[in-house]
Amino acid sequence: MPEQPVAAPVSLGTVEFTQLRPRVYLAVAQPAAVNIGLVTGDDGCLLIDAGPGPSQGAELRAAAEALAGTPLRAVVVTHGHWDHAFGLSAFADVETIGHEDSVSALRGPEALAAAAAAGLDLATLPAPATRLASIGLRDLGGVVVELAHFGRAHTRGDLIAAVPGAEVVFAGDVAETAGPPQFDSESSLEGWAKALDALAGLLRPGSLVVPGHGPVADSDEVGRQRVALAVCWGQAEWAFWQGLTEDEAYGHSTLEWPWDEATTRRGIASAYAGLRGRGVKPKRHLPVLGPPL
Ligand SMILES: [Zn+2]
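Within every chain, residues take consecutive numbers counted from 1 along the sequence as written. A pLDDT threshold of at least 70 governs which residues receive local features in this predicted model, and a stricter bar of 80 or more applies before side-chain atom pairs are shown or counted, although totals over entire chains, interfaces and linings include all residues.

### Focus on the overall build of the chain
For the record, the criterion: Note on conventions: DSSP H or I runs of at least 4 residues are helices, E runs of at least 2 residues are strands, and numbering of each starts at the N terminus. Our radius of gyration is a C-alpha quantity, and the globule rule it is checked against amounts to 2.2 Å times the number of residues to the power 0.38. For the purpose of contact definition, each residue receives a C-beta atom placed from its backbone, and two residues are in contact when these atoms lie within 7 Å.
Across its full length, the chain carries eight helices and twelve strands. Its C-alpha atoms give the chain a radius of gyration of 19 Å, within 12% of the compact-globule value 19 Å for 293 residues. For the C-alpha atoms alone, the extent of the chain along its principal axes is close to 65 × 45 × 30 Å. Counting contacts in the chain only where the partners sit at least 6 residues apart, residues at least 24 apart contribute 70% of the total.

### Observations regarding the pairing of strand E8 (residues 135-139)
This is how the line gets drawn: Here, strands pair whenever DSSP counts at least two bridges between them.
Relative to strand E9 (residues 144-148), E8 runs antiparallel, the two sharing five bridges. What sits directly across from Asp139, in E9, is Val144. The turn joining E8 and E9, which pair antiparallel and follow one another in sequence, is formed by four residues; a positive phi near 90° is taken by Gly141.

### Things to note about helix H4 (residues 109-117)
The condition that has to hold: In this scheme the burial state of a residue depends on its C-beta neighbours within 10 Å: 20 or more other such atoms mean buried, 12 or fewer mean exposed, and anything in between means partly exposed; the C-beta positions come from the backbone. By definition, the arc is the one covered by directions from the helix axis to the C-beta atoms.
Residues Ala111, Ala114 and Ala115 constitute the buried set of H4. Here the buried residues of H4 occupy an arc of 100° about the axis, which is enough to place them on one side. The exposed residues of H4 that point more than 90 degrees off its buried face are Pro109 and Ala116. Just beyond H4, the residue with positive phi is Gly119, at close to 75°.

### A closer look at the confidence of the model for the chain
For clarity, the threshold we go by: Each residue carries a pLDDT value, the predictor's own confidence for that position, ranging from 0 to 100.
On average, the chain scores 92 in pLDDT, and the residues at 70 or more come to 92%. Scored below 50 in pLDDT, residues 1-12 makes 38 contacts in the model with residues more than four places away or belonging to other chains.

### Describing unusual backbone geometry
Each neighbour pair has its own omega, and for Gln30 with Pro31 the value is 15°, a cis peptide bond. Its place among the elements puts Pro31 in the loop between strand E2 (24-29) and strand E3 (34-40). The residue Ala33 is not glycine, and still its phi comes out positive at about 55°. Its location among the elements puts Ala33 in the loop between E2 and E3. When the 15 C-beta atoms within 10 Å are taken as the criterion, Ala33 is described as partly exposed.

### Quick word on the nonpolar core
What counts, and what does not: Joining buried Ala, Val, Leu, Ile, Met, Phe, Trp, Tyr and Cys residues through C-beta atoms within 7 Å gives a set, and that set is a nonpolar core.
Ranked by internal contacts, the top residues of the largest apolar core, which has 83 residues, are Leu47, Val76, Ile160 and Ala236. In contact with Ala236, not counting residues within four places along its chain, are Leu189, Ala249, Gly267, Ile268, Ala271 and Tyr272.

### Examining helix H8 (residues 261-277)
Rule in force here: What a helix should span is 1.5 Å times the count of its residues minus one.
Between its first and last C-alpha, H8 extends 24 Å over 17 residues, near the 24 Å set by a 1.5 Å rise per residue. Where H8 is buried, its residues meet helix H5 (189-200), helix H6 (219-241) and helix H7 (246-251). Immediately beyond the C-terminal end of H8, within one or two residues, lies Gly279, with a positive phi of roughly 75°.

### With respect to the packing of H6 against H8
Operational definition: Between N-to-C directions, angles cover 0 to 180 degrees, with each direction set by a line fitted to C-alpha atoms, over the stretch in contact for helices. If an angle is under 35 degrees, it is roughly parallel; if it is over 145, roughly antiparallel; if it lies from 65 to 115, roughly perpendicular; otherwise it is oblique. A crossing counts as left-handed when the near helix is turned anticlockwise from the far one by less than a right angle, and as right-handed when that turn is clockwise. Think of it as three bins: nonpolar holds Ala, Val, Leu, Ile, Met, Phe, Trp, Tyr, Cys and Pro, charged holds Asp, Glu, Lys and Arg, and polar takes everything else, Gly as well.
The geometry of H6 relative to H8 is characterised by a closest axis approach of 9 Å and an angle of 55° between their N-to-C directions. On the basis of the axis angle, H6 is oblique to H8. Here H6 runs over H8; the crossing is right-handed. Contacts between H6 and H8 pair Cys232, Trp233, Ala236, Glu237 and Phe240 from the former with Thr264, Gly267, Ile268, Ala271, Tyr272 and Leu275 from the latter. Of the residues assigned to the contact of H6 with H8, the class counts are eight nonpolar, two polar and one charged.

### Describing the pairing of E9
Regular strands place their side chains on alternate faces of the sheet. Relative to strand E10 (residues 160-163), E9 runs antiparallel, the two being bridged by three bridges. Counted as the bridge partner of Glu146 is Ala162 from E10.

### Section: the packing of H5 against H6
One can describe the packing of H5 onto H6 by two numbers: an axis separation of 9 Å at closest approach and a directional angle of 150°. With respect to H6, the element H5 is oriented roughly antiparallel. Judged by the sense of rotation from one axis to the other, the crossing of H5 with H6 is left-handed. For the pair H5 and H6, contact is made by Leu189, Glu190, Trp192, Ala193, Leu196, Asp197, Leu199 and Ala200 and by Ser219, Val222, Gly223, Gln225, Arg226, Leu229, Ala230, Cys232, Trp233 and Ala236, respectively. Partitioning the contact of H5 with H6 into residue classes produces twelve nonpolar, three polar and three charged.

### Considering the sheet that holds strand E11 (residues 168-172)
One open sheet holds the five strands; their spatial order is E8-E9-E10-E11-E12, and the pairing between them is mixed. Looking at which strands have only one partner, the edges of the open sheet turn out to be E8 and strand E12 (208-211). Sheet twist, expressed as the mean angle between neighbouring strand axes with direction ignored, is 20°.

Below is the structure:
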């Protein structure tokens, strides 16, 4: 979630991890209420997301190692937004993992504004050192963490972290239960629906999905979010093909949109930008039969 800069870094105080499944824990890092994952193995532990700043990252690490009783082996950032990745400087001596395209968000104008608002120098905040192109796996001893990139969705560089056996999937902001999906300049409405399709393929009955923000979800909730994204994408694509402007698409009498106006307009803008970026031209000669869904 939030792409808005914070006013100032806020100490976590005492980090509290709660257990989701054997070897899998969850904490919430303020001020943006980011869900932080912890997976504990016999040989070490792994954090999922680094928190919103250096001090929060250090507190998360201390709490994680105290709970696990084993050294931290790695930290994975689900994407390059400040609230998930600005804590990376607390992990200089362990493996830091992200997608290879996560760096653009971590170095982009929104990150610069967030760092300035928090009194941080963006140039001193590290990016993940290990950068995955598609998939990865870390064996912690008795438990593994599988990492996967399902294409451009919330950002260009989203990573999903799954713990098979425990049936927990940490989705980062590809899934969101604190509010509607958060679009910014890197988001792809088209890709996002596809990414949730792929994520759904990891789930079994009883699987838990930890979103970037908000309560833990189940496969039904992921399905609802996938449908909302797919409906918005399908309708926006149809409107584009008809030659409608973004305003005309939003106001079209036969279209119903799944979110509030601001979110929907950002979704439509993402769809139109993606189609224009591919050089797609409207086909005004198509018969107007109504939306495809
Ligand atoms: Zn985000």
